[in-house]
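Structural description and commentary
Read off the chains here:
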Amino acid sequence: MAVIGPNGAGKSTLLKSVIGILRVTSGHVLLGTDDVTNHPPEELARRGVGYVPQVQDIFEPLTVLENLEMGGYLLPPARVRTRIDEVTQVFPALTSMLKRRADKLSGGERKMLAIARVLVLDPRVLILDEPTANLSPKLADNLLQEQVRRLAEMGKAVLLVEQRARAAMQVASWTSVLVSGTTRLEGSPGELLGRPDFEELFLGAGTGLKPSSGSEEEER
Amino acid sequence: MDLYIAAFGFGLVSLSVIAIAAVGFTMQFGITNVINLAYSSVMISSVYVAYAFNHAGVSIWLALIAGAIFGAVFSFLLNRVLYTPFQRKGTSLLGMVIVSLATSLMIQNVLLAIAGPYNVSYVQPSGGTIRLGAIVLTVVQVLVIGIAVVLMLAIHALLTFTRLGKAMRATAANPTLARNCGIPTSRVIDVVWLITGALCGIAGVVAGMNSDTFAVGNGPGYLITIIAAAVLGGAGQPYGAMLGAVLIGEMTELSAAAISADYKEVVAFAVLVLVMVLRPQGLLAKRGALAAAG
């Protein structure tokens, strides 16, 4: 599922509320049939919710391997190594950089580590807050089209917040359009893009949603 | 020349005491984000707890353990009862400094009322001296150096090789992300206060063992030296505190030999000021045990 919307729409605030970082004052957060409203982040991690924030998404002073170990903190120690091996098979580029300090990674490598760290715990639900922010158009496309799609194929429910709206809709099976803190529209990407008034409803003005092959750079 | 070599030997003892204290102080700041100015008051309180045991006939080494346990429990309670509630209310870093300063004054004055202003000393076996060239140290001083080396290696091993130590570093680096990983950061911080409190207690007692006499009024003096070592190495960096302790410990003793014992702290702190001008973040701000190992 993709949540899209303009700057200041409240997308990151929504995710922080879902993940227990911000306090929810109205409404409920459901995980399956369980009400997890205002549950602390560590409790949600135990329940299988993985979260990759937009910024400060890795432990910079730790090595890549130590970041992955922290991702598996809730697992029995003997299982962590196995899970790291499995995750590095999904992201083989990480294998050669396990001993490197995380703050030495490039933007793309860093985001790959952030997602891999979350995957070590083998979460049921993966929440990604603008994973393509600060990435080059090529890397952003690769992340959304290949890595996020792969996560969904692994059976994970992925909640994706993105500013690259069209690119996000290309990988999502359901999209919600958030404007000024409220859901303006929701539906399958096909339905939404088929609406003649979609662009107008999205922002009320210019949206950056002109037809394109997907990347934000091209959309602009 | 022999004078300088002998001073270097005394510097080894001083730096050992400073290193134990400064590593605990800097870890408290690095991981829990509290500049705990009450650290020296906990330290001097531990000195007197050990003194009470020692004068009740307990060996100084068992009294050292009692001082460490007292320091650990006192620091843990200080954080749980006082600092954490203030932090939860959103008190700023500067506000927390004021809270810890007020706490320090209260502890010192209560201790002064209980123990009095007198100079006292531990009952400890002289144990003879050990001579290595021009370096002459008592057995107790050599053991103090040994304790410091063991503790520094233990802290290094904790932070580098254990799950708990890595969780401490993760909590220091990004507490919100640590919680998202399922790390129980409150419990990790509790353990940090216990460990650093024990270091504080041990540092106090070995400082007392290394002095002919001590008094409640020694507390503020400890704090200045500890902060100097921690800041010199890079605030929040345990390896930085170790390096800062080496520099401050040796400079104070070598300058005493070169100029006069009266000026030894002046020289040490002049170097601190110089380092701060040239490298304000401290010597090891980008590295250390809170950073990646290796």
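As shown above, the structure is provided for reference.
Report follows, based on the coordinates.

Rules used throughout
Residues numbered from 1 in each chain as written. Chains lettered and ligands numbered in written order. Predicted model: local features only at pLDDT ≥ 70, side-chain atom pairs only at ≥ 80, totals over all residues. Heavy atoms only, no water. Helix = DSSP H or I, 4+ residues; strand = E, 2+ residues; numbered from the N terminus. Buried < 20%, exposed > 50% of the residue type's maximum accessible area, 1.4 Å probe, protein only. Lys, Arg positive; Asp, Glu negative; His and termini not counted. Charge placed at Lys NZ, Arg CZ, Asp CG, Glu CD. Patch = residues over 30% accessible without salt bridge, like charges linked within 9 Å, V, L, I, M, F, W, Y side chains within 5 Å. Areas by Shrake-Rupley, 256 points an atom, 1.4 Å probe, with all protein chains shown as cover. Salt bridge = Lys/Arg side-chain N within 4 Å of Asp/Glu carboxyl O. Expected span 1.5 Å × (residues − 1). Arc of directions from axis to C-beta. Contact = heavy atoms within 4.5 Å. Buried area = accessible area lost by both parts, 1.4 Å probe. Polar contact = N/O pair within 3.5 Å; in protein donor to acceptor, adjacent residues only side chain to side chain. Pairing = 2+ DSSP bridges. Axes fitted to C-alpha atoms, helices over the stretch in contact; angles between N-to-C directions. Core = buried A, V, L, I, M, F, W, Y, C linked by side-chain atoms within 4.5 Å. Phe/Tyr/Trp six-rings, centres within 6.5 Å; stacked < 30°, edge-to-face > 60°.

A few points about the overall build of chain B
A count of helices and strands for chain B gives 11 helices and two strands. Reading chain B from its N end, one meets helices and strands in the order α-α-α-α-β-β-α-α-α-α-α-α-α. Each principal axis of the C-alpha distribution contributes one length, and for chain B these read about 55 × 45 × 35 Å. For chain B, the residues scored as buried account for 52% of the 294 residues in total. Looking at chain B, you have 13 positive and 7 negative side-chain charges, and the mean spots of the two groups are 26 Å apart.

Points about a nonpolar patch on the surface
Residues and elements named next belong to chain B. On the surface, Met-1, Leu-3, Tyr-4, Ile-5, Phe-8 and Leu-254 cluster together to form a nonpolar patch covering roughly 580 Å² of accessible area. Tracing the sequence through the fold places Phe-8 in helix H1 (residues 2-32). Using a relative accessible area of 39% as the deciding quantity, one classes Phe-8 as partly exposed.

Side note on helix H4 (residues 77-90) of chain A
All names here are of chain A. For H4, which comprises 14 residues, the first-to-last C-alpha distance of 21 Å matches the rise-based estimate of 20 Å (1.5 Å per residue) to within 8%. Here H4 has its buried residues at Val-80, Arg-83, Ile-84, Val-87 and Thr-88. For H4, the arc enclosing every buried residue in end-on projection is 135°, short of the 170-degree limit, so these residues lie on one face. Turned more than 90 degrees off the buried face of H4, the exposed positions are Ala-78 and Gln-89. On its buried face, H4 is in contact with helix H3 (64-71) and helix H5 (107-119).

Describing the interface of chain A and chain B
With 25 residues of chain A in contact, the opposing surface of chain B contributes 23 residues. When residues of chain A are sorted by the area they lose upon contact with chain B, Phe59(A), Met70(A) and Tyr73(A) head the list and together hold 31% of the total. In this assembly, chain A and chain B are joined by three salt bridges. Two residues, Glu42(A) and Arg179(B), come together in a salt bridge whose shortest N-O distance is 2.9 Å. The interface formed by chain A and chain B holds five residue pairs in polar contact (both at pLDDT 80 or more) in total. Within the residue set of the side of chain A that touches chain B, elements represented by two or more residues are helix H2 (41-46) and H3 of chain A.

Thoughts on the side chain of Thr32(B)
When you line up the elements, Thr32(B) lands in helix H1. In this view, Thr32(B) contacts Met27(B), Gln87(B), Ile189(B), Val192(B) and Trp193(B); residues no more than four positions away in its chain are not counted.

What to know about the sheet that holds strand E6 (residues 157-162) of chain A
Residue and element names in this part refer to chain A. Read from one edge to the other, the open sheet built from six strands follows the order E4-E5-E6-E1-E7-E8, with strand pairing classed as mixed. Looking at strand neighbours, the two that pair on one side only are strand E4 (49-52) and strand E8 (182-187), the edges of this open sheet. Here the average twist between neighbouring strands, direction ignored, is 15°. In the packing of helix H1 (residues 11-18) onto the sheet, the strands contacted are strand E1 (2-4), E4, strand E5 (125-129), E6 and strand E7 (175-179), and the crossing angle to E5 comes to about 145°.

Some thoughts on the environment of Gly249(B)
Residue and element names in this part refer to chain B. Looking at the secondary structure, you find Gly-249 in helix H10 (residues 238-258). Overall, Gly-249 belongs to the buried group, its relative accessible area being 0%. In this structure the C-alpha to C-alpha distance between Gly-249 and Ala-268, which are 19 residues apart in sequence, comes to 8.4 Å. Discounting residues that sit within four places of it in the chain, Gly-249 has contacts with Gly-11, Ser-14, Leu-15 and Ile-18.

Describing the pattern of salt bridges
Residues and elements named next belong to chain A. The tally for this structure, following the rule as stated, stands at 16 salt bridges over all chains. Salt-bridge contacts for Glu-130 lead to Lys-11; the nearest nitrogen and oxygen are separated by 3.9 Å. With Glu-130 in the loop between E5 and helix H6 (137-153) and Lys-11 in helix H1, this residue pair connects regions lying 119 residues apart in the sequence. A relative accessible area of 4% means that Lys-11 is categorised as buried.

Side note on the nonpolar core
Core analysis: the biggest nonpolar cluster contains 87 residues, and Ile20(B), Tyr48(B), Tyr122(B), Ile183(B) and Val206(B) have the highest contact counts within it. Leave out the neighbours within four places in its chain, and Tyr122(B) touches Val47(B), Ala50(B), Tyr51(B), Asn54(B), Ile60(B), Val205(B), Gly208(B), Met209(B) and Phe214(B). Counting 48 residues, the second largest nonpolar core, distinct from the first, contains Ala45(A), Leu126(A), Leu135(A) and Leu143(A).

Observations regarding the packing of aromatic side chains
Residue and element names in this part refer to chain B. All told, the structure shown has seven aromatic pairs over all chains when counted by the stated rule. Seen from their ring centres, Phe-25 and Tyr-39 are 5.6 Å apart, and the 80° between their planes marks the pair as edge-to-face. Separated by 14 residues along the polypeptide, Phe-25 in helix H1 and Tyr-39 in helix H2 (residues 39-55) bring together distant segments of the chain. Ring geometry for Tyr-122 versus Phe-214: centroids 4.8 Å apart, planes at 55°, classification tilted. With Tyr-122 in the loop between helix H4 (93-115) and strand E1 (129-132) and Phe-214 in the loop between helix H8 (185-210) and helix H9 (219-233), the pair connects residues that are 92 residues apart, well separated along the chain.

So, the environment of Lys99(A)
By secondary structure assignment, the location of Lys99(A) is in the loop between H4 and H5. Taking the C-alpha atoms as reference, Lys99(A) lies 12 Å from Pro61(A); in sequence the two are 38 residues apart.

Some words on the environment of Leu75(A)
Counting through the fold element by element, Leu75(A) comes out in the loop between H3 and H4. In this structure the C-alpha to C-alpha distance between Leu75(A) and Asn7(A), which are 68 residues apart in sequence, comes to 37 Å.

Regarding unusual backbone geometry
Residue and element names in this part refer to chain A. A positive phi angle, close to 55°, is found at Asp-122, a residue other than glycine. As for its position among the elements, Asp-122 is in the loop between H5 and E5. Judged by its relative accessible area of 39%, Asp-122 falls in the partly exposed class. Phi is positive for Ser-180, close to 50°, though the residue is something other than glycine.

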